[in-house]
Amino acid sequence: MKSRRSAGRVALRTWVGWPGVVVARTLAIVFVSIVLFALVAPRPQLNELRPAWVLGFLTAFALIALSVRRWGARLGRCIPVLGRAWFAWAVGALTALTGAAWGYALCVNNGWDVGVARDTAMALARGEQPNVYEYFSNYPNNISLVALDRIFVALSGWLHVPFDVVVVGFNAIMLGVLSMSASRLARAAGGKGAGLLAQLFVLLFLATSPWMAVSYTDVPVAAFLTAGLALALVPRTPAWTVRVWIRWILAAVLIGLAAALKPTAWIVVIALVLAGVLAALMRASASGPRASVRPLASALAIAAMAGLVGAGLPQTALRVSELDADRIVAERAFPMAHWMRMGMTQKQLQTAHGTVTMYGGYDVVAVAQMRALATPQERNERSLAAAKEELRELGVLGTARFLVAKTVWTWSDGSFGVWTEGRDASAPLKHHSAPARLIQEISSPSGAAYRTHNEAVTGAWFVILLSAAWALWIRARTLWPTVVLTLVGVGLFLVMFEARARYLVIILPLVLVLGAVGLFTEKPKEAGLSEPALD
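Residues numbered from 1 in each chain as written. Predicted model: local features only at pLDDT ≥ 70, side-chain atom pairs only at ≥ 80, totals over all residues. Heavy atoms only, no water.

*Asks:* How would you sum up unusual backbone geometry? Please name residues and give values.
*Replies:* Phi at His-160 is positive, roughly 60°, even though this residue is not glycine. Tracing the backbone shows His-160 in the loop between helix H7 (143-159) and helix H8 (163-190). Phi is positive for Glu-322, which is not a glycine, with a value near 65°. Topologically, Glu-322 is positioned in the loop between helix H13 (293-321) and helix H14 (336-343). (Helix = DSSP H or I, 4+ residues; strand = E, 2+ residues; numbered from the N terminus.)

*Asks:* Describe the packing of aromatic side chains, listing the residues and the values that go with them.
*Replies:* What the rule picks out here adds up to 19 aromatic pairs. Centroid distance Trp-245 to Trp-248: 5.4 Å. Interplanar angle 70°. Geometry classified as edge-to-face. Taken together, the positions of Trp-245 and Trp-248, both in helix H11 (residues 242-261) and three residues apart, correspond to about one turn of that helix. Accessibility expressed as a relative area gives 32% for Trp-245, which makes it partly exposed. Seen in terms of ring centroids, Phe-334 and Trp-339 are 6.4 Å apart; in terms of plane orientation they differ by 50°. Their pairing is tilted. For Trp-339, a relative accessible area of 22% puts it in the partly exposed group. A network of ring pairs unites the aromatic residues Tyr-135, Phe-136, Tyr-139, Phe-334 and Trp-339 as a single cluster. Its guanidinium or amino end placed over the ring of Trp-473, Arg-25 lies 4.8 Å from that ring's centre, counting from NZ or CZ. It is Arg-50 that lies over the ring of Trp-53; its NZ or CZ is 4.0 Å from the centre. (Phe/Tyr/Trp six-rings, centres within 6.5 Å; stacked < 30°, edge-to-face > 60°. Buried < 20%, exposed > 50% of the residue type's maximum accessible area, 1.4 Å probe, protein only. Lys NZ or Arg CZ within 6 Å of the ring centre and 35° of its normal.)

*Asks:* Could you give me a rundown of the pairing of strand E1 (residues 346-351), with the residues and numbers involved?
*Replies:* Within a regular strand, the side chains alternate between the two sheet faces. Both E1 and strand E2 (residues 354-359) contribute to a ladder of six bridges, which runs antiparallel. Within E2, the position partnered with Gln-346 by the bridge is Tyr-359. Between E1 and the antiparallel strand that follows it, E2, lie two residues. (Pairing = 2+ DSSP bridges.)

*Asks:* I'd like to hear about the nonpolar core, residue by residue, with values.
*Replies:* Phe-205, Leu-323, Trp-411, Trp-461, Leu-465 and Leu-472 are the most contacted members of the largest nonpolar core, which has 133 residues in total. Among the elements that take part in this core, helix H18 (residues 450-474) stands out by supplying twelve residues, more than any other. Setting aside residues no more than four positions away along its own chain, Leu-472 makes contact with Ala-24, Arg-25, Leu-27, Ala-28, Phe-31, Leu-479, Val-484 and Leu-514. In this structure, Met-344, Met-358, Ala-405 and Trp-409 belong to the second largest nonpolar core, which totals seven residues. (Core = buried A, V, L, I, M, F, W, Y, C linked by side-chain atoms within 4.5 Å. Contact = heavy atoms within 4.5 Å.)

*Asks:* Please set out the packing of helix H9 (residues 192-207) against helix H20 (residues 508-519) residue by residue, giving values where relevant.
*Replies:* Closest axis-to-axis distance for the H9/H20 pair is 8 Å, and the angle between their directions is 135°. Considering their axes alone, H9 and H20 lie oblique with respect to each other. Considering the relative orientation of H9 and H20, their crossing is right-handed. Residue-level inspection shows Ala-194, Leu-197, Ala-198, Phe-201, Val-202, Phe-205 and Leu-206 of H9 in contact with H20, the latter providing Leu-508, Pro-509, Leu-512, Gly-515, Ala-516, Val-517 and Leu-519. Its residues assigned to classes, the contact of H9 with H20 shows 13 nonpolar, one polar and no charged. (Axes fitted to C-alpha atoms, helices over the stretch in contact; angles between N-to-C directions. Parallel < 35°, antiparallel > 145°, perpendicular 65-115°, else oblique. Left-handed = near helix turned anticlockwise from the far one by under 90°. Nonpolar A, V, L, I, M, F, W, Y, C, P; charged D, E, K, R; others polar.)

*Asks:* Help me get a handle on the side chain of Ser-383, residues and values and all.
*Replies:* By the secondary structure assignment, Ser-383 is in helix H16 (residues 376-411). Ignoring anything within four residues of it in the chain, the contact list for Ser-383 reads Pro-335, Ala-337, His-338, Arg-341 and Met-370.

Structural data, given as C-alpha cells:
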C-alpha cells in the first residue's frame, strides 16, 4: 500500500495532466521549428546577419552547451564556491555593473516613443505644456512612461547627474533584480548549476545589450515579471502562512507594475488564472473537489491583486506625469483592431545590406488613417476592413505562410531589434572615453565588430531555444504551467498583432531559465519545477 507521501509525489508528477503535456510539447516543437526554418530558409533581419556565420556560432555554442551538460555537475563539485549563495549575488552584481557600463557607453538621443516621452517629461518639468496630447490620446499606455521619466528627471536634479546616468542606473538595478530572480527560478528547477547558467545567459543577452541605454519599459517589465513569478512560484510551501501571503502580495505588486507599464504583461495575469483552473481541474479529478480549492484560490488571489494594481496605476501615472488629463481624449485611442491590422501587414524595406521584408510591423499608412477618422467606431470598422482585405488577398495558404514567416522572423533575431527603432542607428553617441569606444566597437552600428556580435548572440539564442525545447519536452508533466502559458500567450499575441523582436525582451528571462534548465535536465525531478505552481 502506498504511503501518503509517495501518493503525493505521484500526484505532483502528473498534476498538469494531458493538457499541460500537449501545450508544453507543442511549444517545444515550435521552438525547434523556428530554429530549423531560420537556418534552412533564413529571412533577412534589419540588423544584417550572415547565415554561415550564425551557423558557425550556433555550432560552437552547441559544443559548449554539450560540454556543460556533460561536465557541468562535475565542475560544480570540484569548485563548490560556484554553488554558494554569495557567488550568485556576486554574479548578479557583476551583471548589473556590466549593464551599467554598456548602457552608459551606448547612450544616444533616442527618437520614436522613447524620445516623445523623454522630451515631454523634461518640458513638463520646466513648467511647459508641449503639444503632445493627440499622441497620448492615441497611445495612452505611454503615459506611464512619461511618469517614469518624470521620476528620472527629478532624480537627475536631486543627484546633479545627467538624465542618461539615472536611466542607465535604474536599468542596471532592474537587471540585477532580474539576474537574481532568474537564478532563483532556475535553481529551483535544475539546481545550482542551472541557476548560475541562467545568470550567465542574462549577462550575455541583456547586460551587453544596447537596450540598457534606453529609457523604455522593456527591461523594467522583464525584471518585474521575472521577480514576480519567482516570488509566486518558488518555493512551494504546504500552508498559507503570513510569510507566503507577503510573498504573494509582493509578486502581485510586481506583476501589476509590469502590466501598468506594458499591456502585454497582462498575459501573465491571464496565465495565472488559467494555471489555477488547470491545477484545480486536475486535482479535482484525482482527489475530489476539495483538493481543487487551494491551487485555484491561490492563483486567483495573486491574479486579482495584480489586476487591481495594474488597473489602478495608470491613473496614478497620469497624476505623476502632470499631463493635463482634460486634454487627453479617450475616444481618440487606437482600437485593438488597429494593432491586429498592422499585424497583417507585409512590406519591403531597403537597407544598406539589401531588401528586408518586415512582417506585421509599424505601418505609417494605417496610423495616418486612424488619425484622420473621427470616431472609435469608424477607426474600428476601417481597421477590421483592412485586416479582412489582407486576409482575402493572402488566401488560406498565403495566410499560413505569412504567419509562419512572421513567427520565424520575429523569434530569430538574437539581437532583439537593437538600433532598429526610429533614428537610433544614426544618432550620435554621447560618450567617447576609451572604455566606451571599446564597447561601441562591439555594440554600436558603427562598430567594427557589431555585425559579428549580433551573429554570435543569434547563434547562442538558437542554442537557448533548442535547450528550452528539450526542457519543455522532457519536463512536460512537471513544468510550471504559468511559465509555459505565458510564453504561449506572448507567442500568440505576436502572431495576431503588431510584432517585432523587441517585444520578446519581457519574456526573454523565462526562455533563458528554460534554456539553463534544459542543459541540466535528464529526467523529471520531484523538486523545483516538478512542484505544482501556487499550491
